[in-house]
Amino acid sequence: MNHVSVPNRKKTPDMNKLVKVYGDSLLRMCFLYLKDLHMAEDAVQDTFLKVYKSYMNFKGDCEEKTWITRISINVCKNYLRSSWWKRIDEAAVLENITVGNSTDTLQDEALLLEIMKLSPKYKEVILLFYYQSMKIREIAMILNIPENTVSVRLLRAREILKKKLKGWYYDE
Amino acid sequence: MMNRTIKKAIDTRLADIKISSELENKIIDYPNKTRSTRKRPSVVVVAVAILVMLSVSVMAAAITNFDKLLSIISPQVEQNLQPIKLSSEDNGIKMEVLAAMSDSNTTIAYISIQDLTADRVDESINLYNYSISTMESFTSEVISYDAASKTAIIKLLANGGKKLEGKIVTLRVDSFLSNKQSYKLFDTGIDLKKVISSTTISTIPLDMKIVSGGSGDLFEEFRKRGNINVLKTDQTNIALPNINFAHISNIGIVDGKLHVQTKWAGKGIDDHGTFILANDSGDKTYPSSIYFSIDKNGKAIYGRDYIEFIFEIKETEISKYKLFADHFTTYGHYTEGKWQNTFKLEAMEKDKEVDIDMDFGELKVNKLSVSPIGVTLIGTGNMSDTTLDISVLVKMLNGSVYTLNSSVRNNENGKFTWKFMSLEPIKVMNVKEVSINGKVVELK
């Protein structure tokens, strides 16, 4: 994914461009985080509204993508705090999403299911590192935690996935 | 291998999840519009609409527990349900069997339990003694709780039946627990090295044949060994923060392993909890456990007054670890009564069986059966010794995939059935194939 350059920002952001560049991947990330497509859409809408409102306050001290992703993760966290989120079943949620044309459908299904089942603190580092292709330093900034903590969480999240997917997704 | 694969897998599997033009318009049309908040589940909308039309008293009479159930479950489940609507009342508590669905060996029943006179039914209600006649194993979970009417709706799963279609069965509940207090992971504050070095260890022999329960990797090893040593009971009394229903009754190194013995002194039924060792790096070590009691002479006998937690950890490394308690749980209420209803099970879509030949080492699978409730593997082997982890996916003709991530196992005389359940009913006639740990069985 290409990053949108920060310098020479206008007073108002080019929302068309931002949605095109970041929209789909944010929506997929929010879906895996929240385990509900409708709420993920709301979360992405909220994210972009916050981006619009606070664009002038963005100091450019990090990549634009990092800044927007941080907003998105915080929106998702707020949604998760609602008691309305109890008893979500990941498999049932995933079954409602139409399957693409991949030949690896079963493997993809198993992988996504296990990612969705991860606790939020492990899921967010996996999504940010592997899906959003962020560096440890950027993830630490987004989650407001030390880089060491990010590394440890990544390691543990990988171990959990490895154990769950052994003999199925992993070659070893 | 994982780096790019995850991104590719997510983008491929979720290819259909894109910013729709409608959503894009909502975002771009800001700032002059406020965000359109999505409505909460339709049941709320329906309830509000009904409120407008009807008086509160009329509505109270109109919204039955069966209606509530239908607002919770999916349309797919609803289509397969057989309404029962039979109720029984005892001890000021009403139970209603709302609906059921069944295949040849499994029944799923939805019941409501309502306290008409007191506060014994709450969100933490946990059925204790309950059964469906002709079945062997049971699990249950609360799927909804209404504090205003003190009513819980519970999904009950029963397995181990045979040729259930058309059978008359009795669902009965004899007791349940409620008023749960549960304490998640907390530091016991115990200085392990200090406590262990200051304690003189005495042990008693334990015949694993009289053990009432246990878990963990060492449990099987001990069971095969036959006799082991556990700590002599009640040699110390170390309290756990905030916990008044259990304490540490002895602690020390036995046969090179760290033993932590707990005594469960509370009156609650099904009180439980466990320990975890964790070091500064966050590495966790989980224990095996053994349940037992003692007679008046201090000899180990069958029972569950004590749980001995056993960690495989070197004595020299103990100072690196802290002892955490986890999931210490007690229930304040234990309610007994007699609630039962008898009804006839009607058949859903017929099961589809195929002969297969799959070898999973200690288990040989020779038959596979698909029903709307899930997939059953039938074969030979001893399941009690297996650590086999099986993943079952059902692929439909339209490409959609069911992931069956819960299972129950029955084992008798070297034969087993292992049932993997779907959360949504499976349309059997539309099943294309079943994948068992990646091995594909074609049904069409």
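Here's what I pulled together on the structure shown here. (Residues numbered from 1 in each chain as written. Chains lettered and ligands numbered in written order. Predicted model: local features only at pLDDT ≥ 70, side-chain atom pairs only at ≥ 80, totals over all residues. Heavy atoms only, no water.)

1. As for the overall build of chain A
Reasoning step 1: From N to C terminus, chain A includes eight helices and zero strands.
Reasoning step 2: Across chain A, helices and strands are ordered from the amino to the carboxyl terminus as α-α-α-α-α-α-α-α.
Reasoning step 3: Split into buried and exposed, the 172 residues of chain A put 55% on the buried side.
Reasoning step 4: Put simply, 67% of the contacts in chain A that link residues at least 6 apart link residues at least 24 apart.
Reasoning step 5: Surface summary for chain A: the accessible area is close to 8,200 Å², and the carbon and sulfur share equals 46%. (Helix = DSSP H or I, 4+ residues; strand = E, 2+ residues; numbered from the N terminus. Buried < 20%, exposed > 50% of the residue type's maximum accessible area, 1.4 Å probe, protein only. Contact = heavy atoms within 4.5 Å. Areas by Shrake-Rupley, 256 points an atom, 1.4 Å probe, with all protein chains shown as cover.)

2. Thoughts on the sheet that holds strand 13 (residues 243-254) of chain B
All names here are of chain B.
Reasoning step 1: Here we have six strands laid out as an open sheet, ordered 10-17-18-14-13-12, and antiparallel in their pairing. In this open sheet, the two strands that pair with only one neighbour each are strand 10 (213-215) and strand 12 (238-240). The average angle at which neighbouring strand axes cross in this sheet is 35°, direction not considered.
Reasoning step 2: Helix-sheet contacts for helix 8 (residues 217-225) involve strand 10, strand 14 (257-264), strand 17 (288-294) and strand 18 (300-311), and the interaxial angle to strand 17 is about 55°. (Pairing = 2+ DSSP bridges. Axes fitted to C-alpha atoms, helices over the stretch in contact; angles between N-to-C directions.)

3. Observations concerning the sheet that holds strand 23 (residues 392-396) of chain B
All names here are of chain B.
Reasoning step 1: Pairing in this open sheet of four strands is antiparallel, and the strands run 24-23-27-28 from one edge to the other. At either margin of the open sheet sits one strand with a lone partner, and together these are strand 24 (401-404) and strand 28 (439-442). Averaged over all pairs of adjacent strands, the angle between strand axes in this sheet comes to 20°, irrespective of strand direction.

4. Some remarks on the side chain of Thr188 of chain B
All names here are of chain B.
Reasoning step 1: With respect to the element layout, Thr188 can be found in the loop between strand 8 (186-187) and helix 7 (192-197).
Reasoning step 2: Since its relative accessible area comes to 7%, Thr188 is described here as buried.
Reasoning step 3: A polar contact of 2.7 Å, which involves the side chain of Thr188, links it to the backbone oxygen of Leu323. (Polar contact = N/O pair within 3.5 Å; in protein donor to acceptor, adjacent residues only side chain to side chain.)

5. Considering the environment of Leu345 of chain B
Residue and element names in this part refer to chain B.
Reasoning step 1: Relative to the helices and strands, Leu345 is located in the loop between strand 19 (321-344) and strand 20 (352-359).
Reasoning step 2: The class for Leu345 is buried, based on a relative accessible area of 1%.
Reasoning step 3: On a C-alpha basis, the gap between Leu345 and Leu164 in space is 6.9 Å, while along the polypeptide they are 181 residues apart.
Reasoning step 4: Look past the residues within four positions of Leu345 in its chain and what remains in contact with it is Gln82, Ala100, Ser102, Thr107, Leu164, Glu165, Gly166, Lys167 and Val169.

6. Structural notes on the nonpolar core
Reasoning step 1: Counting residues in hydrophobic clusters, the biggest one holds 65 residues, and the most contacted among them are Phe31, Phe48 and Ile126 of chain A together with Ile10 and Leu14 of chain B.
Reasoning step 2: It is helix 1 (residues 15-34) of chain A that contributes the most residues to this core, 12 residues altogether.
Reasoning step 3: If sequence neighbours within four positions are ignored, Ile126 of chain A has contacts with Ile115, Leu118, Tyr131, Leu154, Ala157, Arg158 and Leu161 of chain A together with Ile6 of chain B.
Reasoning step 4: Core analysis: the second largest hydrophobic core is formed by 28 residues, Phe245, Ile248, Phe309 and Ile313 of chain B among them. (Core = buried A, V, L, I, M, F, W, Y, C linked by side-chain atoms within 4.5 Å.)

7. Some points on the state of the cysteines
Residue and element names in this part refer to chain A.
Reasoning step 1: Evaluated as defined, the whole model comprises zero disulfides over all chains.
Reasoning step 2: Its sulfur unpaired, Cys76 is 3.5 Å from the next cysteine sulfur, which belongs to Cys30.
Reasoning step 3: Accessibility expressed as a relative area gives 1% for Cys76, which makes it buried. (Disulfide = S-S within 2.5 Å.)

8. Observations regarding the packing of aromatic side chains
All names here are of chain B.
Reasoning step 1: Counted under the stated rule, the structure contains 12 aromatic pairs over all chains.
Reasoning step 2: For the pair Trp264 and Phe328, a centre-to-centre distance of 5.3 Å together with 10° between the ring planes defines the contact as stacked. Of the two residues, Trp264 sits in strand 14 while Phe328 sits in strand 19, which places them 64 residues apart along the sequence. The burial state of Trp264 is the same as that of Phe328; both residues are buried. (Phe/Tyr/Trp six-rings, centres within 6.5 Å; stacked < 30°, edge-to-face > 60°.)

9. Description of the pairing of strand 27 (residues 431-436) of chain B
All names here are of chain B.
Reasoning step 1: Burial runs high along strand 27: five of the six residues are buried.
Reasoning step 2: The sheet contact formed by strand 23 and strand 27 spans five bridges and is antiparallel. Looking at strand 27, one finds that Leu393 is bridged to Ser435.
Reasoning step 3: The pairing of strand 27 with strand 28 spans four bridges and is classified as antiparallel.

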